[in-house]
Amino acid sequence: MKRLLLIVGAALSLAPIVALAAERQETIRGTCMGTKYAVTVVDRPAELSLAALATEIGDELERVEQVFSLYRPSSELSHLNGTASGKWIGVSSDLLAVTKRALELAEETGGAFDPTVGPLVKLWRLRQVKSDWSPPTREEITETRRRVCWQLIEIREEPRSIRKLAAGVELDLNALVEGWAIDRVSQMLAQKRIQNALIELGGEFRGMGHKADGQPWRIGIENPQEASACYAKIAIENAAVSTSGDYRQAIEFNGRRYGHILDARTGEPVQHNLMAVSVMADDALTADGWGTALLALGPVEGLALAEKKGLAASFVLRKARTGEQIRLTTKGRGKFILVEAGR
C-alpha cells in the first residue's frame, strides 16, 4: 500500500559490505523484501567483525521476510491466509504483534486503513498496471468487499493464535513490515552493545544515538513534486521516520486518476489530493503504520487524527485551493525543517 520516498544526504550505492573512510563509522548494505537496506554503525565492538555483523543483520531480515512475505508460499503469513476460517492458528510472536498493531490502526482510522484489504488490491491491479487496464465494476467491488473487514480477524495472546471469521479473508501487513524489520535490527544492535547507528530499509529510517561526530543523524525528505529535491530536513536521534506516498504508482483512465492507495471504507482508490505523509515516532513500526494510515484518511481526516494522537507529521498536498502545499502537525513544527525551493 505504500512506497517510501526518503533520501539520506549523500546517495547510497549498492554493495554487499562497504566500510566508510572514517574507521569509527561503517556501513553494511544489501537487499531484502524486494528493496535495499543500509545499516551504518558507529564504534563497532572490536570483538565483532564487520562481516559477522553483516551476516547477522542479513539473517534477521531474512527471518522477518519469511514470516510476512505474501510472495513466498512457504511464509508464515501465506500459510495463515491459506487456512480455513473459524479455526485458531498458532502464530509466532512477530506475526501476532504486527497483526495486533494493524487491527489497532484499523479501529483508530474507522476502517480506512484495513489489513484485510488484500482482495481489493488484487481486484484493482494497481501495483502492476498494464496497457489494457480498466477499473473493476461496481458489482465486483461490492462482492470483493464482503471479504474485506478488519473485524473478521481475531487474535489471542495465550496461546498465541489468530482466527479468521469468514472464508476468503486475507491479511496484508506490508504497511508495517518494513518498520517492524527495522526495529528488530535496532534491537539486535543494542544487544551487541552498539548504541549509535542509522538503519534504513526501503526509504524508512531509524536513528540510534548519533553519528561519529556526535551530531544527530540528518535525513532529507524527498519532494514528491520535484525529483531529486528535498522539501524538508529532519534530525533523528533515538527516533524513526517513515514516508508514504501514492504519486509514483497511478494511472489515468477516462480522465480520472487512480492511485494505488485504497480506502477500505469505499473499496476504491482514495480521491483526495494528499500526495505524501511523513511521520516521526519513537520506533519504526509506529512511524510506518501511521504513514500509510494517514495517507488513506487524507489531508482533512488524517491531519485531524494526527493532531488528536499527538503525532509529528507532515502532509504534502497535490493542489491546494489556498496555495498551501505542506501542512505540519503541531508536534511536527520544529522537527520538519522546511527547505526553500531549489536548495
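A brief look at the structure comes next. (Residues numbered from 1 in each chain as written. Predicted model: local features only at pLDDT ≥ 70, side-chain atom pairs only at ≥ 80, totals over all residues. Heavy atoms only, no water.)

## Quick notes on the overall build of the protein chain
In terms of helices and strands, the protein chain carries 8 helices and 20 strands. Rg of the C-alpha trace for the protein chain: 20 Å, near the compact-globule value of 20 Å for 343 residues, within the 12% margin. Seen through its C-alpha atoms, the protein chain measures out along the principal axes to roughly 60 × 55 × 40 Å. In the protein chain, buried positions account for 55% of the 343 residues. Taking the contacts inside the protein chain whose residues are at least 6 apart along the sequence as the reference set, 63% of them involve residues at least 24 apart. For the protein chain, the accessible surface area stands at approximately 15600 Å², while carbon and sulfur atoms represent 49% of it. Side chains of the protein chain carry 44 positive and 43 negative charges; the gap between the two charge centres is 3 Å. (Helix = DSSP H or I, 4+ residues; strand = E, 2+ residues; numbered from the N terminus. Rg over C-alpha atoms; globule rule 2.2 N^0.38 Å. Buried < 20%, exposed > 50% of the residue type's maximum accessible area, 1.4 Å probe, protein only. Contact = heavy atoms within 4.5 Å. Areas by Shrake-Rupley, 256 points an atom, 1.4 Å probe, with all protein chains shown as cover. Lys, Arg positive; Asp, Glu negative; His and termini not counted. Charge placed at Lys NZ, Arg CZ, Asp CG, Glu CD.)

## Overview of the nonpolar core
Counting 70 residues, the largest nonpolar core has Ile57 and Leu189 as the members making the most contacts within it. The biggest single contributor to this core is helix H6 (residues 174-191), with 9 residues. Not counting residues within four places of it along the chain, the set of residues in contact with Leu189 comprises Val39, Val41, Leu53, Ile57, Ile194, Ala197, Ile199 and Met208. The next biggest cluster of nonpolar side chains, apart from the first, holds 21 residues, and it includes Trp217, Tyr231, Ile236 and Met275. (Core = buried A, V, L, I, M, F, W, Y, C linked by side-chain atoms within 4.5 Å.)

## Focus on the pairing of strand E14 (residues 256-259)
Sheet analysis places strand E13 (residues 250-253) next to E14, joined by 4 bridges and oriented antiparallel. In the sheet register, Glu252 faces E14, and the bridge partner there is Arg257. Linking E13 to E14, which pair antiparallel, is a turn of 2 residues; within it Asn254 sits at a positive phi near 50°. (Pairing = 2+ DSSP bridges.)

## Quick look at the side chain of Ser92
Mapped onto the fold, Ser92 is located in the loop between strand E5 (89-90) and helix H3 (93-108). Separated by 3.2 Å, the side chain of Ser92 and the backbone nitrogen of Leu95 make a polar contact. Not counting chain neighbours up to four residues away, the residues in contact with Ser92 comprise Val67, Glu76 and Arg160. (Polar contact = N/O pair within 3.5 Å; in protein donor to acceptor, adjacent residues only side chain to side chain.)

## Remarks on the packing of H6 against helix H7 (residues 284-297)
As a packed pair, H6 and H7 sit with axes 7 Å apart at the nearest point and diverge in direction by 165°. Compared by their axis directions, H6 and H7 come out roughly antiparallel. Considering how the two elements wind past one another, H6 and H7 form a crossing that is right-handed. From H6, Ala175, Leu176, Val177, Glu178, Gly179, Trp180, Ile182 and Asp183 reach across to H7, where they touch Ala284, Leu285, Asp288, Gly289 and Thr292. Residue composition of the contact of H6 with H7, by class: 7 nonpolar, 3 polar and 3 charged. (Axes fitted to C-alpha atoms, helices over the stretch in contact; angles between N-to-C directions. Parallel < 35°, antiparallel > 145°, perpendicular 65-115°, else oblique. Left-handed = near helix turned anticlockwise from the far one by under 90°. Nonpolar A, V, L, I, M, F, W, Y, C, P; charged D, E, K, R; others polar.)

## A closer look at the packing of aromatic side chains
In total, this model carries 3 aromatic pairs according to the counting rule given. With 5.7 Å between their ring centres and 35° between their planes, Trp124 and Tyr258 make a pair best called tilted. Of this pair, Trp124 sits in helix H4 (residues 118-124) while Tyr258 sits in strand E14, and the two are 134 residues apart along the sequence. Each member of the pair, Trp124 together with Tyr258, is buried. Judged by centre distance (5.8 Å) and plane angle (80°), the rings of Trp133 and Phe253 are edge-to-face. With Trp133 in the loop between H4 and helix H5 (138-145) and Phe253 in strand E13, this pair connects stretches of sequence that are 120 residues apart. Its end group placed over the ring of Trp88, Arg156 keeps NZ or CZ at 4.4 Å from the ring centre. One Lys or Arg, Arg184, reaches over the ring of Trp180 and ends 4.0 Å from the middle of that ring. (Phe/Tyr/Trp six-rings, centres within 6.5 Å; stacked < 30°, edge-to-face > 60°. Lys NZ or Arg CZ within 6 Å of the ring centre and 35° of its normal.)

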